[in-house]
Amino acid sequence: MRRPWVAGNWKMNGLHQTNDELLKGISSLAAESEIDICVAPPAPYWMQVVEALEGRGIKVLAQTVSEHASGAYTGEWSVGMLQDCGVSGALVGHSERRQLFAETDVVVAAKFAALKQAGLQPVLCVGETLEERQAGETLAVVSRQLLAVLESQGADAFDGAVLAYEPVWAIGTGLTATPEQAQAVHASLRAVVAAFDAVRAEQLRIVYGGSVKAANVAGLFAMADIDGALVGGASLIAQEFLAICQAARQRL
Ligand code: 13P
């Protein structure tokens, strides 16, 4: 049984005060032991969130990270800075980074490698646009995004990593993939990894993201290959995030 994994991607939302309110709202998540729970606040608030969650077993992730170690990269932050601030890993290849910041598969793979080298957790995000789905290209697109890491770093690079399937058309739109649509893609992604290493594929957590909320999460978590959720908007509402974590616990 794969350990359920739930993360809240706060995206570019929150200020000190609202973060405090949200952290208070999810304070009952303390000492979580059966599932992995993470939050990914904006970089200026890592330390606030790390300190607030200290000793609670909830990990803090960055929303992206530089593939470079240090130097003249204005506006970026490194894996060393994540470690220094108590941040456990980072999302890489989120569709908003791919689409709005022109991150390519090659860059995403380099970020993944930088995290692995530092012993931090990469959360590789893959997903197709609506046009790609309508053109029947879903599996080709998500496989290409996954293979960019698999082929360059091997299946062992996924030890401790998480793979997130986030259909772009379902992000922030209120349109969720049906549990069956998501399951089909998750199973295909697992098969891509299995072609490299069947054991690693069986162990890999593949989580779904895209308009996940308390009201639709149970159906998603009922699917065999959906091991958790990467939650955007609903993770900013304490009651919603608590309910999604509770649903993950019930998956056990
Ligand atoms: P929403 O849950 O707001 O659709 O966002 C999903 C997402 O992009 C999480 O990384």
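Before reading on, note that the structure itself is shown above.
What is the right way to read the state of the cysteines from this model?
Note: disulfide means a covalent bond formed between the sulfur atoms of two cysteine side chains. A complete count under the given rule lists 0 disulfides for this structure. Counting only cysteine sulfurs, Cys-38 is the nearest neighbor of Cys-85, a cysteine outside any disulfide, at a range of 17 Å. According to the relative accessible area criterion, Cys-85 is buried, its value standing at 18%. The thiol of Cys-125 is not disulfide-bonded; the next cysteine sulfur, from Cys-38, is found 12 Å away. Judged by its relative accessible area of 1%, Cys-125 is buried.

Just to check I follow, could you spell out the site of the ligand for this structure?
The immediate surroundings of the ligand are formed by 13 residues, with Lys-11, His-94, Gly-172, Ser-211 and Gly-233 found nearest. At a separation of 2.9 Å, an oxygen atom of the ligand approaches a polar side-chain atom of Glu-166. Note that an oxygen atom of the ligand is positioned 2.7 Å from one of the backbone N or O atoms of Ser-211. In the complex, 94% of the free accessible area of the ligand, which totals 310 Å², lies under the protein chains. Looking at the shell around the ligand residue by residue, the classes come out as 4 nonpolar, 7 polar and 2 charged.

Here is what the cut-offs are and how they apply
- Residues numbered from 1 in each chain as written.
- Predicted model: local features only at pLDDT ≥ 70, side-chain atom pairs only at ≥ 80, totals over all residues.
- Heavy atoms only, no water.
- Disulfide = S-S within 2.5 Å.
- Buried < 20%, exposed > 50% of the residue type's maximum accessible area, 1.4 Å probe, protein only.
- Near = heavy atom within 4 Å.
- Polar contact = N/O pair within 3.5 Å; in protein donor to acceptor, adjacent residues only side chain to side chain.
- Areas by Shrake-Rupley, 256 points an atom, 1.4 Å probe, with all protein chains shown as cover.
- Nonpolar A, V, L, I, M, F, W, Y, C, P; charged D, E, K, R; others polar.

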